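One-letter residues, chain by chain:
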Amino acid sequence: MFTIDQIKAAHSKVKSGADFPSYISDIKALGVSRYLTYVSDGHTEYFDKDNKTTASPARYEAKSIALQANAKQLKSDLKVHQAGETDYPTFCQQAADNGVNAWEVDTVAMTCTYLDIQGGEMVVEVIPKV
């Protein structure tokens, strides 16, 4: 089973949204099959193929999540972030403002799904292969 320290080491290489596909490739190689990152405080739950989990602690002060989901603005903010024009804290605040409760990354299907406060899908993206 992978450890949070191994995931942190992989994550330390990420400087912007443009580095995301390489990060996913790295943690997939560790055995992560999917993970959920919660926008409210940045903690993440990681799952292996047998659904065993490990979780990271909160990464920042609690954020309020907008109750009204705004998928259109989220798509716009994602495009800017993935071009490397915003940092992670900025994107997390934008996600909260757009009503994103969490995002789920599936390293098998190579998708990232942004979920609203009710668990509904706002945006589903295909993660480019490295």
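Above this note sits the structure.
By convention here, each chain's residues receive numbers from 1 onward along its written sequence. In keeping with the predicted nature of the model, local features appear solely for residues at pLDDT of at least 70, side-chain atom pairs appear and are counted solely at 80 or more, and the whole-chain, interface and lining totals rest on all residues. For the side-chain quantities, the full set of heavy atoms in the structure was used; hydrogens and water were omitted.

Chemist: What's the story with helix α2 (residues 20-30) in this structure? I'm lost.
Modeler: Because each turn of an α-helix spans 3.6 residues, side chains separated by three or four positions in sequence point in the same direction. Within α2, burial applies to P21, Y23, I24 and I27. All buried residues of α2 project into a common sector of 155° when viewed along the axis, lining one side. Every residue pair with non-hydrogen atoms within 4.5 Å of one another is taken to be in contact. Runs of H or I in DSSP of at least four residues are treated as helices and runs of E of at least two as strands, each being numbered from the N terminus. Of the surrounding secondary structure, the elements contacted by the buried residues of α2 are α1 (4-11), β1 (34-38), β2 (44-47) and β4 (100-106). Burial classes: relative accessible area under 20% of the type maximum marks a residue as buried, over 50% as exposed, and values in between as partly exposed (1.4 Å probe, protein chains only). Summarising the geometry, the arc corresponds to the directions from the helix axis toward the C-beta atoms.

Chemist: I tried to follow the nonpolar core on my own but got confused; where do I start?
Modeler: Buried Ala, Val, Leu, Ile, Met, Phe, Trp, Tyr and Cys residues that are joined via side-chain atoms within 4.5 Å together make up what is termed a nonpolar core. In this structure, Y35, W103 and Y114 are the most contacted members of the largest nonpolar core, which totals 27 residues. Of all elements in the fold, only α1, α2, α3 (71-82), α4 (88-97), β4, β5 (111-116) and β6 (121-126) reach the threshold of two or more residues within this core.

Chemist: I keep staring at the sheet that holds β4 and nothing clicks. Help me out?
Modeler: Sheet strands pair by backbone hydrogen bonding; their relative direction is either parallel or antiparallel. Reading across the sheet, the 6 strands line up as β3-β2-β1-β4-β5-β6 and stay open at both edges, with antiparallel pairing between neighbours. Strands with a single pairing partner mark the edges of an open sheet, and in this sheet they are β3 (53-55) and β6. Looking at each pair of strands side by side, their axes are set apart by 15° on average, direction ignored. Here, a strand pair is defined by DSSP locating no fewer than two bridges between the strands. As paired elements, β4 and β5 share 6 bridges and run antiparallel to each other. In the sheet register, V100 faces β5, and the bridge partner there is D116. Helix axes are fitted to C-alpha atoms over the stretch in contact, other axes to C-alpha atoms as well, and angles between N-to-C directions run from 0 to 180 degrees.

Chemist: When you look at the side chain of T111 in this model, what are you seeing that I'm missing?
Modeler: The residue T111 is located in strand β5 in this model. Assessed through its relative accessible area of 18%, T111 is described here as buried. Once you skip the residues sitting within four places of it in the chain, T111 turns out to touch E104, V105, D106, V124, E125 and I127.

Chemist: Please clarify how the packing of aromatic side chains should be interpreted in this entry.
Modeler: Where two aromatic rings form a pair, the distance of their centres and the angle of their planes describe that pair. In this analysis, rings of Phe, Tyr and Trp, with Trp reduced to its six-membered ring, are considered paired at centre separations within 6.5 Å, and the interplanar angle assigns stacked below 30 degrees, edge-to-face beyond 60, and tilted for intermediate values. Applying the stated criterion to the full structure yields 7 aromatic pairs. Taken together, a centroid distance of 6.5 Å and an interplanar angle of 65° make the contact between Y23 and Y35 edge-to-face. With Y23 in helix α2 and Y35 in strand β1, the pair connects residues that are 12 residues apart, well separated along the chain. Classification of Y23 as buried rests on a relative accessible area of 4%. Residue Y35 is classed as buried on the basis of its relative accessible area of 3%. Relative to W103, the ring of F91 has its centre 5.7 Å away and its plane inclined at 50°; by these criteria the two rings are tilted. Of this pair, F91 sits in helix α4 while W103 sits in strand β4; the two residues are 12 residues apart in sequence, bridging distant segments of the chain. Residue class for W103 comes out buried when judged on its relative accessible area of 5%. Through a chain of ring-to-ring contacts, three or more aromatic side chains come together here, namely F20, Y23, Y35 and Y46. Directly above the ring of Y60 sits K63, whose terminal nitrogen or CZ lies 4.6 Å from the centroid. Look at NZ for Lys and CZ for Arg. If either is within 6 Å of the ring centre and within 35 degrees of the ring normal, a charge sits over the ring.

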